[in-house]
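Here's the letter readout for the chains.
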Amino acid sequence: GNKNINAKLVLLGDVGAGKSSLVLRFVKGQFVEFQESTIGAAFFSQTLAVNDATVKFEIWDTAGQERYHSLAPMYYRGAAAAIIVYDTTNQASFKRAKKWVQELQAQGKDFYFYIGKMGLLSINLFLFLLLKEAQTFAQENGLFFLETSAKTAANVNETFYEIAKRLPRS
Ligand code: GTP
Ligand code: MG
């Protein structure tokens, strides 16, 4: 029969990485060029039908600013999955994403990690190398990696669909 699954999701990543934009694209189908920096965290919910189940995502969009770092455990505790977002044009943002992965691993979290990213049409050698580095890092750590664009909507629904498919069915 049809199952209802509730899943807590958390988005982590550097300031300006694109967490809120990704969530707003998924939940409201919108993109704004000047998204305000998140204070503390914001909550959203959205349902998605996958195969035999209806998944209700309870999404915590955290603030990337360092002063909110200590709040993060409140949001990732009990989460079924974490989406770790970085900005592909920004090496510092990629480094911050790696740190989030390490923090979650240190907590013994066995939930899935995802690294979203802003889609880019123009590519240069620096960005290409950063992308390769990110792909390798994801592979080595067993993370699911997708390139997304909140602007064009590329791979946004797919990201949440891939998470929904991997949730444990009780
Ligand atoms: P904090 O809330 O400060 O932690 O940042 P955030 O991770 O929520 O970033 P936010 O979604 O606010 O994005 C910052 C800016 O990046 C936005 O104003 C967008 O203009 C831009 N941006 C976000 N996602 C994309 C994307 O997929 N493509 C492009 N081109 N720009 C994006
Ligand atoms: Mg935000």
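Structure's up top.
Presented here is an overview of the structure given in this document. (Residues numbered from 1 in each chain as written. Chains lettered and ligands numbered in written order. Predicted model: local features only at pLDDT ≥ 70, side-chain atom pairs only at ≥ 80, totals over all residues. Heavy atoms only, no water.)

Among the 10 residues in helix 1 (residues 19–28), 8 count as buried, and that is most of the element. Taken together, the buried positions of helix 1 are occupied by Lys-19, Ser-20, Ser-21, Leu-22, Val-23, Leu-24, Arg-25 and Phe-26. Looking at the residues trailing helix 1, positive phi occurs at Gly-29, about 70°. (Buried < 20%, exposed > 50% of the residue type's maximum accessible area, 1.4 Å probe, protein only. Helix = DSSP H or I, 4+ residues; strand = E, 2+ residues; numbered from the N terminus.)

For ligand 1, the set of nearby residues contains 20 residues, the closest of which are Lys-19, Ser-21, Glu-33, Ser-37 and Gly-64. At 3.3 Å, a backbone N or O of Ala-17 approaches an oxygen atom of ligand 1. Taken by itself ligand 1 offers 650 Å² of open surface, and the protein chains cover 86% of this. Partitioning the shell around ligand 1 into residue classes produces 7 nonpolar, 9 polar and 4 charged. (Near = heavy atom within 4 Å. Polar contact = N/O pair within 3.5 Å; in protein donor to acceptor, adjacent residues only side chain to side chain. Areas by Shrake-Rupley, 256 points an atom, 1.4 Å probe, with all protein chains shown as cover. Nonpolar A, V, L, I, M, F, W, Y, C, P; charged D, E, K, R; others polar.)

Attention now moves to empty space enclosed by the protein. Enumeration over the complete set of coordinates arrives at 1 cavity of 30 Å³ or more. Taken as a whole, the largest cavity spans an internal volume of roughly 40 Å³. If you go around the largest cavity, the residues you meet are Leu-12, Gly-40, Thr-62, Ala-63, Tyr-68, His-69, Leu-71, Ala-72, Tyr-75 and Trp-100. (1 Å grid on protein atoms, 1.4 Å probe; cavity = no way out; pocket = protein on both sides within 12 Å on 5 of 7 lines; lining within 4 Å. Points joined across faces, edges and corners; volume = space filled by probe spheres on them.)

Quick look at the coordination of the magnesium ion (ligand 2) now. Protein ligation of the magnesium ion (ligand 2) involves Ser-20 (OG) and Thr-38 (OG1), the donor distances falling in the range 2.1 Å. With Ser-20 in helix 1 and Thr-38 in the loop between helix 1 and strand 2 (41–50), the pair connects residues that are 18 residues apart, well separated along the chain. Exposure class is identical for Ser-20 and Thr-38. Each is buried. (Donors = N, O, S within 2.8 Å, 3.2 Å for Na, K, Ca; no water.)

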